[in-house]
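Fold and geometry: a report
Residue-level listing of the chains:
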Amino acid sequence: MLVLVAPGQGAQTPGFLTPWLDLPGATDRIAAWSDAIGLDLAHYGTKADADEIRDTAVAQPLLVAAGLLSATALDASPGVVAGHSVGEITAAALAGVLDDEAALRLVRTRGLAMADAAAVTETGMAALLGGDPDVTVPHLEMLGLTPANVNGGGQIVAAGTAAQIAALTKDMPEGVRRVVPLKVAGAFHTHHMAPAVDRLREAAAALTVADPTVTYVSNADGKTVATGDEVISRLVGQVANPVRWDLCMETFKALGVTALIEACPGGTLTGLAKRALPGVQTLALKTPDDLDAARALISEHADA
């Protein structure tokens, strides 16, 4: 069984969209989406520097657009889909819950709302490498931080104020090897994002949704979700609640997943899967040069 996953914010790098625009029809699709949401996706995906695409209001639509573009080029029919943080909107579109343009409009609202929420207080996120979650999580809470992403594979991402993140770098939990500040603009998936939830809920109320056509795994708790309304409800709530990617990977195991492909810009989730899902073949879509290998992997595991 194949799972197709979509990465979250922080996976973007300058120029990562450039090679994908050489695919037939890609430039036209990106132009249409850009017009629909009032954001020049081609510019930000090809010419903008790291600081420009770190902007939450830019990064989130750019990631969803890239994920949809690469998945369309792959032309796969996965048995399971899931997304990390904003990647859940990509996954919702891949599962047929939203059409592509609706997904881009929703993520544009999400990005703007989260950017506004992040501007209220200086906040951030940092990845903790190593350590035992049973030790790490209470330590983070003692410092006033939220374990915003529990990613499995020995990685937890903490989120909170800039002062709390600074305190963490000087007072690491026992067993943690390193604290790595992330290139994001705020404490996502925490109470700091509560103002964005209301704006996203209002936008979501106007959506036309369908039930997933494939198995959809929610990053709120790793559970599968069968209705479109529940998918959208979870998409709204996850803005201010932790991502449990560790539980998603446990569900992949339970479902019998044998291969995992990560949509563009791939790499982060395949790295986690290599550590947490031994025996599962992984492949990250970084450029169109990866498509042939991905199609071969799909063929092999579809036959299985």
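The structure displayed is predicted, hence computed values, not measured ones. As a convention, each chain's residues are numbered from 1 in the sequence order in which they are written. Reporting of local features is limited, given that this is a predicted model, to residues whose pLDDT is at least 70; pairs of side-chain atoms are given and counted only at 80 or more, and all residues count toward the totals for whole chains, interfaces and linings. Note: side-chain values were computed over all heavy atoms of the structure, leaving out hydrogens and water.

Quick notes on the overall build of the protein
- Numbering of helices and strands runs from the N terminus; a helix is a DSSP stretch of H or I covering at least four residues, while a strand is a stretch of E covering at least two. Summing up its helical and strand segments, the protein has 13 helices and 10 strands in all.
- C-alpha atoms define the radius of gyration in this analysis, and the globule rule sets the expected value at 2.2 Å times the number of residues to the power 0.38. Radius of gyration (C-alpha) of the protein: 18 Å, near the 19 Å computed for a compact globule of 304 residues.
- Projecting the C-alpha coordinates of the protein onto the three principal axes gives extents of approximately 50 × 45 × 35 Å.
- Residues counted as buried form 54% of the 304 residues belonging to the protein.
- Residue pairs at least 24 apart in sequence account for 73% of intrachain contacts in the protein once pairs closer than 6 positions are excluded.
- Accessible surface is estimated by sampling points in the Shrake-Rupley manner with a 1.4 Å probe; for residues, cover comes only from the protein chains shown. Carbon and sulfur atoms make up 51% of the accessible area of the protein, which amounts to about 12,200 Å² in all. Exposure categories follow from relative accessible area, calculated using a 1.4 Å probe and restricted to protein chains: below 20% of the type maximum is buried, above 50% is exposed, and the middle band is partly exposed. Every residue pair with non-hydrogen atoms within 4.5 Å of one another is taken to be in contact.

As for the sheet that holds strand β9 (residues 259-262)
- Here we have 6 strands laid out as an open sheet, ordered β8-β7-β2-β1-β9-β10, and mixed in their pairing. The open sheet has two edge strands with one neighbour each: β8 (224-225) and β10 (281-284).
- Only strands joined by at least two bridges in the DSSP assignment are considered to pair. Sheet topology note: the strand β7 (residues 215-217)/β8 ladder contains 2 bridges and is antiparallel. Bridging from a neighbouring strand, V217 pairs with T224 of β8.
- Sitting on the sheet, helix α5 (residues 87-94) is in contact with β1 (2-6), β2 (80-83) and β7, with an inclination near 155° to β2. Here an axis means a line fitted to C-alpha atoms, over the contact stretch when the element is a helix, while the angle between two N-to-C directions is reported on a 0 to 180 degree scale.

Looking at the packing of aromatic side chains
- Pairing of aromatic rings covers Phe, Tyr and Trp, the last through its six-membered ring, and needs centres within 6.5 Å; plane angles under 30 degrees mean stacked, over 60 mean edge-to-face, and all others mean tilted. Following the criterion strictly, the structure yields 1 aromatic pair and no others.
- A centroid spacing of 5.9 Å and a plane angle of 80° characterise the contact between W245 and F252, whose relative ring orientation is edge-to-face.

Here we look at the sheet that holds strand β3 (residues 123-130)
- If you walk across this open sheet you meet the 4 strands as β4-β5-β3-β6, and the pairing is antiparallel. Two strands close off the open sheet at either side, each with one partner strand: β4 (146-152) and β6 (176-181). The mean angle between the axes of side-by-side strands here comes to 25°, regardless of whether they run parallel or antiparallel.
- Strands in contact with helix α7 (residues 133-142) are β3, β4, β5 (155-161) and β6; relative to β5, the strand with the most contacts, it is inclined by about 5°.

Some remarks on the pattern of salt bridges
- Take a side-chain nitrogen of Lys or Arg and a carboxyl oxygen of Asp or Glu: if they are within 4 Å of each other, that pair is a salt bridge. By the definition in use, this model includes 10 salt bridges.
- In this structure, R234 engages E230 in a salt bridge whose closest nitrogen and oxygen atoms are separated by 2.9 Å. You can see R234 and its partner E230 sitting in helix α10 (residues 228-237), 4 residues apart, about one turn around the helix.
- Since its relative accessible area comes to 18%, R234 is described here as buried.

So, the side chain of E262
- Assignment of secondary structure puts E262 in strand β9.
- When charges are counted, neither His nor the chain ends are considered; positive counts come from Lys and Arg and negative counts from Asp and Glu. Put simply, E262 is tucked away with no salt bridge, and the nearest opposite charge, on K286, sits 8.1 Å away.
- Under this definition, polar contacts are N or O atom pairs within 3.5 Å; protein pairs additionally need one hydrogen-donor-capable and one acceptor-capable atom, and for neighbouring residues in sequence, both atoms have to be side-chain atoms. Within the structure, the side chain of E262 is placed 3.0 Å from the backbone nitrogen of L269, a separation counted as a polar contact.
- In this structure the side chain of E262 is engaged in a polar contact, spanning 2.9 Å, whose partner is the backbone nitrogen of T270.
- Not counting residues up to four positions away in its chain, the partners in contact with E262 are V5, P7, G267, T268, L269, T270, L283, A284 and L285.

Structural notes on the nonpolar core
- Counting residues in hydrophobic clusters, the biggest one holds 75 residues, and the most contacted among them are L41, L104, Y216 and I261.
- Residue contributions to this core peak at 11 residues, all from helix α4 (residues 56-74).
- For I261, the residues in contact, after removing those within four places along its chain, are L2, V3, L4, V5, L74, L283, L285, A294, L297 and I298. What is meant by a nonpolar core is a set of buried Ala, Val, Leu, Ile, Met, Phe, Trp, Tyr and Cys residues, joined one to another through side-chain atoms within 4.5 Å.

Brief notes about the layout of surface pockets
- Quantified by volume, the largest pocket comes out at close to 620 Å³.
- Put simply, the grid is 1 Å and covers the protein atoms alone, a cavity is a trapped set of points that fit a 1.4 Å probe, a pocket is an open set with protein on both sides within 12 Å along at least five of seven lines, and lining residues have an atom within 4 Å of a point. Every residue lining the largest pocket is counted, 30 residues in all, and those nearest its centre are Q9, G10, A11, L182 and K183.
- Elements that contribute at least two residues to the lining of the largest pocket include exactly α3 (50-54), β3, β4, β5, β6 and α12 (268-276).
- Within the lining of the largest pocket, the residues separate by chemical class into 16 nonpolar, 12 polar and 2 charged. Grid points are joined across faces, edges and corners, and a volume is the space filled by probe spheres set on the points. Note that Gly is not counted as nonpolar here; it falls among the polar residues with everything else outside the nonpolar set of Ala, Val, Leu, Ile, Met, Phe, Trp, Tyr, Cys and Pro and the charged set of Asp, Glu, Lys and Arg.

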